[in-house]
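# Topology and contacts: notes
Here's the letter readout for the chains.
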Amino acid sequence: SSEQLTDPTSAQYKALAWLSEDDTDTNIDDTLAVTQRYVLAVFYYSMNGPSWVDGSEWLQPSVNVCEWARITCLAGEITAIIALEPTNMDGMLPTELDALPSLVTLTIEKNAVRGFVGPLNRISKYRKDLFAFTHFFHSQKHVAFQPSWD
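As a starting point, this report considers the structure included with it.

Definitions and limits used
Residues numbered from 1 in each chain as written. Predicted model: local features only at pLDDT ≥ 70, side-chain atom pairs only at ≥ 80, totals over all residues. Heavy atoms only, no water. Helix = DSSP H or I, 4+ residues; strand = E, 2+ residues; numbered from the N terminus. Buried < 20%, exposed > 50% of the residue type's maximum accessible area, 1.4 Å probe, protein only. Pairing = 2+ DSSP bridges. Axes fitted to C-alpha atoms, helices over the stretch in contact; angles between N-to-C directions. Contact = heavy atoms within 4.5 Å. Core = buried A, V, L, I, M, F, W, Y, C linked by side-chain atoms within 4.5 Å. Disulfide = S-S within 2.5 Å. Parallel < 35°, antiparallel > 145°, perpendicular 65-115°, else oblique. Left-handed = near helix turned anticlockwise from the far one by under 90°. Nonpolar A, V, L, I, M, F, W, Y, C, P; charged D, E, K, R; others polar. Salt bridge = Lys/Arg side-chain N within 4 Å of Asp/Glu carboxyl O.

## Quick notes on the environment of F116
- Here F116 is to be found in strand 5 (residues 112-116).
- A relative accessible area of 48% means that F116 is categorised as partly exposed.
- Between the alpha carbons of F116 and L93 there is a distance of 6.6 Å; along the sequence they are 23 residues apart.

Below is the structure:
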């Protein structure tokens, strides 16, 4: 929301500030790159990124997002965010994750992550065969839900 973008304490504001002030190597005409970097920056700040164990690759201007820890890509698009070990992630999952059109896997275990990622309605019917789960997280418990393909 516009309120989040103007609130200096919000993850969205911090992500936008990073993208516009520190991430000067990204081509602003590359919509995919800008979107992926913004969404991951919001994720980073929403999940208490500065306190992560092994989060040093994140928010490095000259490093491709596909090279960031816990990120998996296919043809340059983020397909998975996976954290199977404690990394000190702590916070609410941001709704901005839904802006990653190729994200089909989100696995975060042994962290204090809360929230819900939408029903993955953006995945078209021809991709039903993909192993995709929507995850609900509360405290340190991990419960996975398979999305409905109706």
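Moving on from the coordinates now.
## So, the sheet that holds strand 1 (residues 71-74)
- Pairing in this open sheet of 3 strands is mixed, and the strands run 1-2-4 from one edge to the other. Since the sheet does not close on itself, it has two edges, and those belong to strand 1 and strand 4 (105-108), each with one partner. The sheet shows a mean angle of 20° between the axes of neighbouring strands, direction not considered.
- With 4 bridges connecting them, strand 2 (residues 77-83) and strand 4 associate as parallel partners. Note that in strand 4 the partner of I82 across the bridge is T107.
- Contacting strand 1, strand 2 and strand 4, helix 3 (residues 31-46) runs over the sheet at an angle of about 15° to strand 2.

## Overview of the nonpolar core
- Ranked by internal contacts, the top residues of the largest apolar core, which has 30 residues, are F43, W58 and L97.
- When residues of this core are traced back to their parent elements, those giving at least two are helix 2 (11-22), helix 3, strand 2 and strand 4.
- The element that contributes the greatest number of residues to this core is helix 3, accounting for 7 residues.
- Contacts of F43, omitting those with residues within four sequence positions, involve W52, W58, I81, M89, L93, P94, L97 and I108.

## What about the state of the cysteines?
- Following the criterion strictly, the structure yields 1 disulfide and no others.
- Covalently, C66 is tied to C73 through a disulfide, its sulfur atoms 2.2 Å apart. Taking the sign of the S-S torsion, -95° for the link of C66 and C73, the bridge is left-handed.
- Residue C66 is classed as partly exposed on the basis of its relative accessible area of 24%.

## Describing the packing of helix 2 against helix 3
- At a minimum axis separation of 8 Å, helix 2 and helix 3 run at an interaxial angle of 135°. Viewed along their axes, helix 2 and helix 3 adopt a mutual orientation that is oblique. Two packed elements cross with a definite hand, and for helix 2 against helix 3 that hand is right-handed. Of the residues in helix 3, those in contact with A11, Q12, K14, A15, L16, W18 and L19 of helix 2 are V34, R37, Y38, A41, V42, Y45 and S46.
- Residues that form the contact of helix 2 with helix 3 fall into these classes: 10 nonpolar, 2 polar and 2 charged.

## Observations regarding the pattern of salt bridges
- Tallied over the entire structure, the rule returns 2 salt bridges.
- Two residues, R37 and D23, come together in a salt bridge whose shortest N-O distance is 2.7 Å. Placement of the pair is R37 in helix 3 and D23 in the loop between helix 2 and helix 3, with a sequence separation of 14 residues.
- Relative accessible area serves as the criterion here: at 5%, R37 is assigned to the buried category.
- On the basis of relative accessible area, D23 is assigned to the buried category, the value being 2%.

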